[in-house]
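Below are the chains, spelled out letter by letter.
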Amino acid sequence: MSRVQFIEVTEAEADQRVDKWFKNRFPGVTHGQLEKFLRKGEVRVDKKRVKAKDRLEPGQSVRIPPLPEWATQAFEKSGAVKVNKMVMSDHDVADIRQMILHMDDDVIVLNKPAGLPVQGGSGQTRHIDGLLDGLRFDYDERPRLVHRLDKDTSGVLVIGRTRLATKHLTEAFKQRTTRKIYWALVAGVPRPHQATVSYNLTKIVTAAGEKVVVDRSGQKAISDYSVVAVAGTKAAWLALKPLTGRTHQLRVHCAAIEHPIVGDGKYGGPEAFLEGAISKKMHLHAKEITISHPSGGDLTVSAPISSHMEATWKLLGFHENDYEDPFDELL
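Predicted model only: the values in this text are computed from it and were never measured.

Enquirer: Would you explain unusual backbone geometry in this entry?
Expert: Trans peptide bonds make up the majority, and among non-glycine residues the majority have a negative phi. Cis geometry is found at the peptide bond from Arg191 to Pro192, where omega equals -5°. In this structure, Pro192 sits in the loop between β9 (179-187) and β10 (194-198). Positive phi, close to 70°, is recorded for Lys47, a residue that is not glycine. Note that Lys47 resides in the loop between β2 (44-45) and β3 (48-49). Classification of Lys47 by relative accessible area gives exposed; the value is 74%. In this structure, Phe137 is a non-glycine residue whose phi angle is positive, near 55°.

What follows is the structure, given as structure tokens:
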């Protein structure tokens, strides 16, 4: 058995969940074993008890209990300090900088393209997290992720430029003071045209992988929607405002009211794909965000829709300039 270890979280490991960090460092230790360590307080961060879902910051000290020799060897061979590190080419730097919608001393807001994951995973070699060194400019600190979007969702993504700014922005998300507006194309036309969807959600594991489902005993999840325009009875352009921040919340809620987001086969099945020339890609876009700025006041940033959604809008005769915020009276 090894002795108790104290491992410092590196810049490359910033904002990782405790369970993901531990899995990368000690891949032979099962999730069940880790949960036991956490329950008993044998794994701690800066001497404090933590949960698997808690996120880590660079410089924090993680206490590792005595582990079998094979687990320590796995750590030594894992190259864990290289997690999510990518070699930055000039093309990569130019690519990430072209996504910038807003930048100041504390915050960078990107327009994430559809198809590019925010973080690495199985088979993912190129992702936003791995490109963040391209946004250092003249800063010593590496920019940090504040929140996430699904791989196939485009739109506004907030990045903190310093540790303090990231902490402030992250807290704004936790306190639900951040206002987010999404645009989506859904199959059919919801009735009524404006409503609140409130279905509790939980994550399950299926043969095809993880999936979020409606579950009365699950986590509270609430979304507002409003129909902006319709294409006959075939499809509708929705504005969506999530009031909670559950995984895949908008996708599951739209499917639950029997109007799945177009292109979302995971939750909508065959009904999520329309006939004709409409793209098979997912039509969900994080259009606008308003968030408390670290230097005071609020910051609002809006992102133009992705190219495949723009093509669909033209095909269906929708016009972005016709949009008026339907949630003003709900603020």
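Enquirer: Please explain the packing of helix α1 (residues 18-25) against helix α2 (residues 31-39) as it appears in this structure.
Expert: Angle between the axes and distance between the axes: these two values describe a pair of packed helices. α2 packs onto α1 with a crossing angle of 120° between their chain directions and a minimal axis gap of 11 Å. Between α1 and α2, the interaxial angle falls into the category oblique. Note that α1 runs across α2; the crossing there is right-handed. Across the interface between the two elements, Val18, Asp19 and Phe22 of α1 pack against His31, Leu34, Phe37 and Leu38 of α2. Residue classes in the contact of α1 with α2 are distributed as 5 nonpolar, 1 polar and 1 charged.

Enquirer: Explain the nonpolar core here, please?
Expert: Generally speaking, nonpolar side chains in soluble globular proteins are found buried as a group. Formed by 43 residues in total, the largest nonpolar core has its most connected members in Leu110, Ile128, Leu157, Leu238, Leu240 and Leu284. In contact with Leu240, other than residues within four places in its own chain, are Lys180, Ile181, Tyr182, Ala184, Asp224, Tyr225, Leu250, Cys254, Leu284 and Phe327. Membership of the second largest hydrophobic core comes to 18 residues, among which are Val18, Leu34, Val50 and Ile64.

Enquirer: Is there a simple way to think about the environment of Lys180 in this case?
Expert: Within the fold, Lys180 resides in strand β9. Between the C-alpha atoms of Lys180 and Val4, which are 176 residues apart in sequence, the distance is 44 Å. Discounting residues that sit within four places of it in the chain, Lys180 has contacts with Phe173, Leu240, Lys241, Pro242, Glu288 and Ile289.

Enquirer: Would you take a moment to explain the pattern of salt bridges for this structure?
Expert: Two side chains of opposite charge can pair, provided their charged atoms sit close to one another. Taken as a whole and assessed by the stated rule, the structure comprises 14 salt bridges. A salt bridge links Arg142 to Asp133, with the nearest nitrogen and oxygen atoms 3.3 Å apart. What makes Arg142 buried here is its relative accessible area of 5%. A salt bridge links Lys287 to Glu320; the shortest N-O distance between them is 3.6 Å. Separated by 33 residues along the polypeptide, Lys287 in strand β15 (residues 284-292) and Glu320 in the segment after α9 (307-316) bring together distant segments of the chain. Among the residues examined, Lys287 registers a relative accessible area of 11% and is labelled buried.

Enquirer: Is there a simple way to think about the pairing of β15 in this case?
Expert: The side chains of a regular strand alternate between both faces of the sheet. In terms of burial, β15 is a largely internal element, 7 of the 9 residues being buried. Summarising the sheet, strand β8 (residues 154-160) and β15 pair through 2 bridges and their orientation is parallel. Directly across from Ser154, in β15, lies its bridge partner His285. Bridge count for β9 against β15 is 6 bridges, and the pairing is antiparallel. What sits directly across from Arg179, in β15, is Thr290.

Enquirer: How do you make sense of the environment of Asp150 when you look at a structure like this?
Expert: Within the fold, Asp150 resides in the loop between β7 (144-145) and β8. The exposure class assigned to Asp150 is partly exposed, which follows from its relative accessible area of 22%. C-alpha of Asp150 to C-alpha of Leu284: the two residues are 134 residues apart in sequence and 9.6 Å apart in space. Excluding its chain neighbours within four sequence positions, the residues that come into contact with Asp150 are Lys112, His248 and Arg251. At a separation of 2.9 Å, a polar atom in the side chain of Asp150 contacts the side chain of Arg251.

Enquirer: So what exactly am I meant to see when it comes to the packing of aromatic side chains here?
Expert: For any pair of aromatic rings, the description consists of the separation of the ring centres together with the inter-plane angle of the planes. Evaluated as defined, the whole model comprises 8 aromatic pairs. Here the aromatic rings of Phe22 and Phe37 are separated by 6.5 Å at their centres, their planes lie at 50°, and the arrangement is tilted. One end of the pair, Phe22, is in helix α1; the other, Phe37, is in helix α2, with 15 residues separating them in the sequence. Phe22 gets classed as buried once you look at its relative accessible area, which sits at 1%. Taking relative accessible area as the criterion, Phe37 reaches 15% and is therefore assigned buried. Geometrically, the ring pair formed by Trp313 and Phe318 is edge-to-face, given 5.5 Å between the ring centres and 85° between the ring planes. Here the aromatic cluster, defined as three or more aromatic residues joined through ring pairs, consists of Trp183, Trp237, Trp313, Phe318 and Tyr323.

So, how was this worked out
- Residues numbered from 1 in each chain as written.
- Predicted model: local features only at pLDDT ≥ 70, side-chain atom pairs only at ≥ 80, totals over all residues.
- Heavy atoms only, no water.
- Helix = DSSP H or I, 4+ residues; strand = E, 2+ residues; numbered from the N terminus.
- Buried < 20%, exposed > 50% of the residue type's maximum accessible area, 1.4 Å probe, protein only.
- Axes fitted to C-alpha atoms, helices over the stretch in contact; angles between N-to-C directions.
- Parallel < 35°, antiparallel > 145°, perpendicular 65-115°, else oblique.
- Left-handed = near helix turned anticlockwise from the far one by under 90°.
- Contact = heavy atoms within 4.5 Å.
- Nonpolar A, V, L, I, M, F, W, Y, C, P; charged D, E, K, R; others polar.
- Core = buried A, V, L, I, M, F, W, Y, C linked by side-chain atoms within 4.5 Å.
- Salt bridge = Lys/Arg side-chain N within 4 Å of Asp/Glu carboxyl O.
- Pairing = 2+ DSSP bridges.
- Polar contact = N/O pair within 3.5 Å; in protein donor to acceptor, adjacent residues only side chain to side chain.
- Phe/Tyr/Trp six-rings, centres within 6.5 Å; stacked < 30°, edge-to-face > 60°.

That's the geometry; what it means functionally is another story.
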